[in-house]
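Summary of structural features
Here is how the chains run, residue by residue.
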Amino acid sequence: MEAVRSELWRDHVVRSAEREVAEQWLRHLRSRLRFAFAEWQSLRSEREVFQHEMDQARETGDLRRVAMLKPLAEKARVADYDARRRYRLVADSVITEMCRVREVIISMNLNYLAQIRDLRMAIDTVDAALRLPLPPVTRPSSGPLSAEE
C-alpha cells in the first residue's frame, strides 16, 4: 500500500510540474499577445494623429503642410497596416497554441481521474474479497466541522 501511495505522490508531483510548465507557457503567450496589441495600438494612434493634422491642413487650405504631411501619413498608414497584420498573425498563433495547451491539460486531468477511478475500483475489489468492514468515519472533536455545534 505504501508503494501505491508513493507512486501516487510521485505522479502528483510530476503532474503539478507539467501543469506549472503549461501555465508558464500560457503566460508567455498572453504577454506576446499583449505586446503585439500594444504595438498595433501605438502605431494606430500615430496614424490617426497624422490623419487629423492632414485633415486640419486641408480645411485651412495649407497646401504646403498637406504636401509635407502626406508622406508621413502614408508611412504611418503602412506601419499601422503592418502592425495590425502582425497582431492578427500573433493572435491566431497564440489562440491556436493556447487551445492545444488547454487540450493537453484536460487530457492530463482526464487520465488522472481515470487512474483514481481504477484505483478506487481495485481497493473496493480487494475490500470485498477480504470482506473488510469500512473504516469508521472520524470527525474532529472541535472546530467548524465538529458535531457539537
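Look up: the structure comes first, before these words.
Report on the accompanying structure. (Residues numbered from 1 in each chain as written. Predicted model: local features only at pLDDT ≥ 70, side-chain atom pairs only at ≥ 80, totals over all residues. Heavy atoms only, no water.)

Along its length, the chain carries 2 helices and 0 strands. Partitioning the intrachain contacts of the chain with sequence separation of at least 6 by distance along the chain shows that 74% fall at a separation of at least 24. Counting every atom, the chain has about 11800 Å² of accessible surface; 60% of that belongs to carbon and sulfur. (Helix = DSSP H or I, 4+ residues; strand = E, 2+ residues; numbered from the N terminus. Contact = heavy atoms within 4.5 Å. Areas by Shrake-Rupley, 256 points an atom, 1.4 Å probe, with all protein chains shown as cover.)

The next subject is helix α2 (residues 63–130). Here α2 spans 98 Å end to end across 68 residues, near enough to the 100 Å set by a 1.5 Å rise per residue. Helix geometry: α2 is bent most strongly at Leu 69, by close to 30°, with proline Pro 71 lying one to four residues after it. Downstream of α2 by a residue or two, Arg 131 has a phi angle that is positive, lying close to 55°. (Expected span 1.5 Å × (residues − 1). Bend = angle between axes of the 7 residues up to and from the residue.)

Inspection of every chain in the model, using the stated rule, returns 12 salt bridges. Residues Arg 102 and Glu 23 are paired through a salt bridge, measuring 3.5 Å at the closest nitrogen-oxygen approach. Of this pair, Arg 102 sits in helix α2 while Glu 23 sits in helix α1 (residues 2–60); the two residues are 79 residues apart in sequence, bridging distant segments of the chain. What makes Arg 102 partly exposed here is its relative accessible area of 34%. The class for Glu 23 is buried, based on a relative accessible area of 18%. (Salt bridge = Lys/Arg side-chain N within 4 Å of Asp/Glu carboxyl O. Buried < 20%, exposed > 50% of the residue type's maximum accessible area, 1.4 Å probe, protein only.)

Relative to the assigned elements, Glu 97 resides in helix α2. Judged by relative accessible area, which is 19%, Glu 97 ranks as buried. Separated by 2.9 Å, the side chains of Glu 97 and Trp 25 make a polar contact. Of the polar contacts made by the side chain of Glu 97, one reaches the side chain of Arg 100; its length is 2.6 Å. Non-local contacts of Glu 97, meaning those with residues more than four positions away in its chain, are made with Trp 25 and Leu 29. (Polar contact = N/O pair within 3.5 Å; in protein donor to acceptor, adjacent residues only side chain to side chain.)

Taken together, the side chains of Ile 106, Leu 110, Leu 113 and Ile 116 make up a nonpolar region of the molecular surface, amounting to roughly 380 Å² of accessible area. Of note, Ile 116 is situated in helix α2. The exposure class assigned to Ile 116 is partly exposed, which follows from its relative accessible area of 39%. (Patch = residues over 30% accessible without salt bridge, like charges linked within 9 Å, V, L, I, M, F, W, Y side chains within 5 Å.)

On to the packing of aromatic side chains. Tallied over the full model, the rule gives 3 aromatic pairs. Plain terms: the ring middles of Trp 40 and Tyr 87 are 5.4 Å apart, the flat faces sit at 20° to each other, and that makes the pair stacked. Here the residue Trp 40 occupies a position in helix α1, and Tyr 87 occupies one in helix α2, the gap between them amounting to 47 residues. A single burial state applies to Trp 40 and to Tyr 87, both of which are buried. (Phe/Tyr/Trp six-rings, centres within 6.5 Å; stacked < 30°, edge-to-face > 60°.)

Relative to the helices and strands, Arg 86 resides in helix α2. Along the chain, Arg 86 and Glu 39 lie 47 residues apart, while their C-alpha atoms are 9.5 Å from each other.

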